[in-house]
Amino acid sequence: MAITVGLLFGGCSGEHEVSIRSAQAIARALASGGNAQKYTVLPVYIRKDGVWLAGPTAESVLTAGVPHQEIPNAPAVTARDRLPQFDQIADIDIWFPVLHGPNGEDGTVQGLLTLMQQPYVGAGVLGSAVGMDKIAMKMTFAQAGLPQVKYLAVSRAEVWSNPCVFPKLCDRIETELGYPCFVKPANLGSSVGIAKATSRKELEAALDNAASYDRRIIVETGVVAREVECAVLGNDNPRASVLGEITFQSDFYDYETKYTSGQSQHTIPAQVPDDVARRIQEMAITAFQAVDAAGISRVDFFYVEATGEVLINEINTLPGFTATSMYPMMWEASGVSFEELVDTLIQLGFERSSTAAPKA
Ligand SMILES: Nc1ncnc2c1ncn2[C@@H]1O[C@H](COP(=O)(O)OP(=O)(O)OP(=O)(O)O)[C@@H](O)[C@H]1O
Ligand SMILES: C[C@@H](N)C(=O)O
Ligand SMILES: [Mg+2]
Ligand SMILES: [Mg+2]
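Bear in mind that the values here come from a model prediction, so they are computed numbers and not experimental data.

1. Considerations on the site of ligand 2
Taken together, E15, H100, S190, Y259, R298, N316, P319 and G320 make up the full set of residues adjacent to ligand 2. One nitrogen or oxygen atom from the main chain of G320 is found 2.8 Å from an oxygen atom belonging to ligand 2. Protein chains bury 94% of the 220 Å² of accessible surface belonging to ligand 2 in isolation. Of the residues assigned to the shell around ligand 2, the class counts are two nonpolar, four polar and two charged.

If you want it as structure tokens, here you go:
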């Protein structure tokens, strides 16, 4: 009998639209070749307001590729409306959370599925939470000996609450990091809410904007470097893909550059010396294990060619699967087709859930 995969997508996150595009690609791969007989896909869509929808609405969002339009003047949503309708999801054998960003890639959904004793693809609560929060992630990477850019952790309260604190905060950033610096909401992805600041005025605006997305904000020294990524696949013995390099004309790899076809170029395998490639692959595995990721991750790096220095930027425990996303492309170039990749991820999800279950 076919395995029913609960394809969980959408979500309360600034990456909602990206999640829909990733889910479309995964649904196609699960319906192709040998996977078509092996798997039945049951789409489960989480609306931006947190309501879970299975059935025809989820199917139509997946087909159309656009978020569900909320009904004007609809009654206020209650906690009860948000909860998944269990009669519709009772047949699911394993969940594939294709959710990017907060409320999905951050351990929240993983916690719910763990409590329900449901197998799922990807990292558990710890790996998802640590991998999502760029401040916790960087502290973990530092502990694991991974080199990274200098950064400062900032809170929304420092940015918003007290007019005397804010100028001092900006002074500290200027003294300790200087310009250019990158201001980011700690818990987000797809470059949503990220800005490069080259002056005090830009820094102030960037902090205010990042604070609108998250209580936790990170400010980093800006580096001039090549951007290289590595895909990781596996549980306790993860393997690293060949590397990919991204190039673009824009100031940095922002949302539009990421998701508009033709705005970025991908070179896979990345043209870097063999020893550098090996070092980056090792660092990717170290990062994966340091945060306790599982199944899947993409690790992003800066390679400063002039000095040979490699700095880790971040890990993504549920990387994008869109047409311009690197994770499936790097595996394709490493000899793992998209169909094989989603099949492997599901098998790894079953394996992980059988070994992660606590002794009651
Ligand atoms: N410290 C930095 N120095 C130079 N460029 C940076 C720095 N931090 C981020 N960038 C630029 O911003 C982009 C997005 O940063 P980052 O990967 O941290 O964000 P993200 O939102 O988690 O992205 P995603 O999850 O989609 O990969 C980088 O790919 C790079 O182009
Ligand atoms: C989806 C996006 N956060 C990525 O890492 O690909
Ligand atoms: Mg990210
Ligand atoms: Mg990144």
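Back to the text.
2. Quick notes on the pattern of salt bridges
For the structure shown, the criterion picks out 18 salt bridges. Residue R200 is joined to D171 by a salt bridge in which the shortest nitrogen-to-oxygen separation is 2.8 Å. You can see R200 sitting in helix α11 (residues 200–211) and its partner D171 sitting in helix α10 (residues 165–176), a full 29 residues away along the chain. Under the relative-accessibility criterion, R200 is labelled partly exposed at 25%. On the accessibility criterion, D171 (38% relative accessible area) is partly exposed. Through salt bridges with shared partners, a single ionic network connects D171, E174, R200 and E204.

3. Some words on the sheet that holds strand β5 (residues 151–155)
If you walk across this open sheet you meet the four strands as β5-β8-β6-β7, and the pairing is antiparallel. Two strands bound the open sheet, and with one partner strand each, they are β5 and β7 (195–197). Averaged over all adjacent pairs, the angle separating strand axes in this sheet is 25°, with direction ignored. Relative to strand β8 (residues 216–221), strand β6 (residues 181–185) runs antiparallel, the two being bridged by five bridges.

4. A look at the nonpolar core
The biggest cluster of nonpolar side chains holds 37 residues, and the ones touching the most others in it are L7, I26, F96, Y327, L341, L345 and I346. With six residues, the single largest contributor to this core is helix α1 (residues 16–30). Setting aside residues up to four positions removed in sequence, L7 forms contacts with A23, I26, A27, V41, L42, P43, V44, L62, F96 and V98. Counting residues in each nonpolar core, the second largest holds 26 residues, with V228, L243, F288 and V291 among its members.

5. Side note on the coordination of the magnesium ion (ligand 3)
Distances from the magnesium ion (ligand 3) to its protein donors, E314 (OE), E314 (OE) and N316 (OD1), fall at 2.1 to 2.4 Å. The metal-metal distance between the magnesium ion (ligand 3) and the magnesium ion (ligand 4) is 4.0 Å, with E314 serving as a donor to both. The pair E314 / N316 is uniform in exposure class, with both members buried.

6. What to know about the environment of A142
As for its placement among the helices and strands, A142 is situated in helix α8 (residues 134–143). Along the sequence, A142 and T344 sit 202 residues apart, while their C-alpha atoms lie 31 Å from each other.

7. Brief notes about the pairing of strand β12 (residues 295–304)
With ten of ten residues buried, β12 is to be regarded as a mostly interior element. Summarising the sheet, strand β9 (residues 226–234) and β12 pair through nine bridges and their orientation is antiparallel. Paired with V232 across the two strands is S297, which belongs to β12. Of the pairings in the sheet, the one linking β12 to strand β13 (residues 309–316) comprises seven bridges and is antiparallel in character.

8. Describing the UniProt feature "domain: ATP-grasp" (unreviewed entry) in the chain
According to UniProt, the "domain: ATP-grasp" (unreviewed entry) feature falls on residues 138–347. In residues 138–347, helix accounts for 36% and strand for 29%; the two terminal C-alpha atoms are 30 Å from one another.

9. Notes on α10
With twelve residues, α10 ought to run about 16 Å at 1.5 Å a step, and its terminal C-alpha atoms sit 16 Å apart, in line with that. Among the structural elements, β5, α9 (156–160), β6, α11 and β8 are those in contact with the buried residues of α10. With its phi angle positive at about 75°, G178 sits one or two positions after the end of α10.

10. Re the side chain of N313
Relative to the assigned elements, N313 resides in strand β13. If we ignore the near neighbours within four places in the chain, the residues touching N313 are M137, K138, K184, E220, D300, F301 and F302.

11. Brief notes about the site of ligand 1
Lining the immediate surroundings of ligand 1 are 22 residues, of which K134, K184, S191, E227 and K258 lie closest. Between ligand 1 and E227, the relevant distance is 2.4 Å, taken from an oxygen atom to a side-chain nitrogen or oxygen of the residue. N313 is positioned with one of its side-chain polar atoms (N or O) 3.1 Å from an oxygen atom of ligand 1. Calculation on ligand 1 without its partners gives an accessible area of 620 Å², and the protein chains cover 96% of this total.

12. A closer look at the side chain of H16
Considering the arrangement of structural elements, one finds H16 in helix α1. Of the residues examined, H16 reaches a relative accessible area of 0% and is grouped as buried. Each residue touching H16, except ones within four places of it in the same chain, is listed here: G10, G11, Y45, I46, R47, K48 and P67.

13. Thoughts on the layout of surface pockets
Within this model, the largest pocket holds a volume of roughly 820 Å³. Every residue lining the largest pocket is counted, 44 residues in all, and those nearest its centre are S191, E227, Y253, K258 and N313. Elements represented by at least two residues in the lining of the largest pocket include exactly β6, β8, β9, α12 (255–259), β12 and β13. When residues of the lining of the largest pocket are assigned to their parent elements, the largest contribution, four residues, is made by β12. Its residues assigned to classes, the lining of the largest pocket comprises 19 nonpolar, twelve polar and 13 charged.

Cut-offs used in this document
- Residues numbered from 1 in each chain as written.
- Chains lettered and ligands numbered in written order.
- Predicted model: local features only at pLDDT ≥ 70, side-chain atom pairs only at ≥ 80, totals over all residues.
- Heavy atoms only, no water.
- Near = heavy atom within 4 Å.
- Polar contact = N/O pair within 3.5 Å; in protein donor to acceptor, adjacent residues only side chain to side chain.
- Areas by Shrake-Rupley, 256 points an atom, 1.4 Å probe, with all protein chains shown as cover.
- Nonpolar A, V, L, I, M, F, W, Y, C, P; charged D, E, K, R; others polar.
- Salt bridge = Lys/Arg side-chain N within 4 Å of Asp/Glu carboxyl O.
- Helix = DSSP H or I, 4+ residues; strand = E, 2+ residues; numbered from the N terminus.
- Buried < 20%, exposed > 50% of the residue type's maximum accessible area, 1.4 Å probe, protein only.
- Pairing = 2+ DSSP bridges.
- Axes fitted to C-alpha atoms, helices over the stretch in contact; angles between N-to-C directions.
- Core = buried A, V, L, I, M, F, W, Y, C linked by side-chain atoms within 4.5 Å.
- Contact = heavy atoms within 4.5 Å.
- Donors = N, O, S within 2.8 Å, 3.2 Å for Na, K, Ca; no water.
- UniProt positions renumbered as here; feature names shortened; annotations may be inferred.
- Expected span 1.5 Å × (residues − 1).
- 1 Å grid on protein atoms, 1.4 Å probe; cavity = no way out; pocket = protein on both sides within 12 Å on 5 of 7 lines; lining within 4 Å.
- Points joined across faces, edges and corners; volume = space filled by probe spheres on them.

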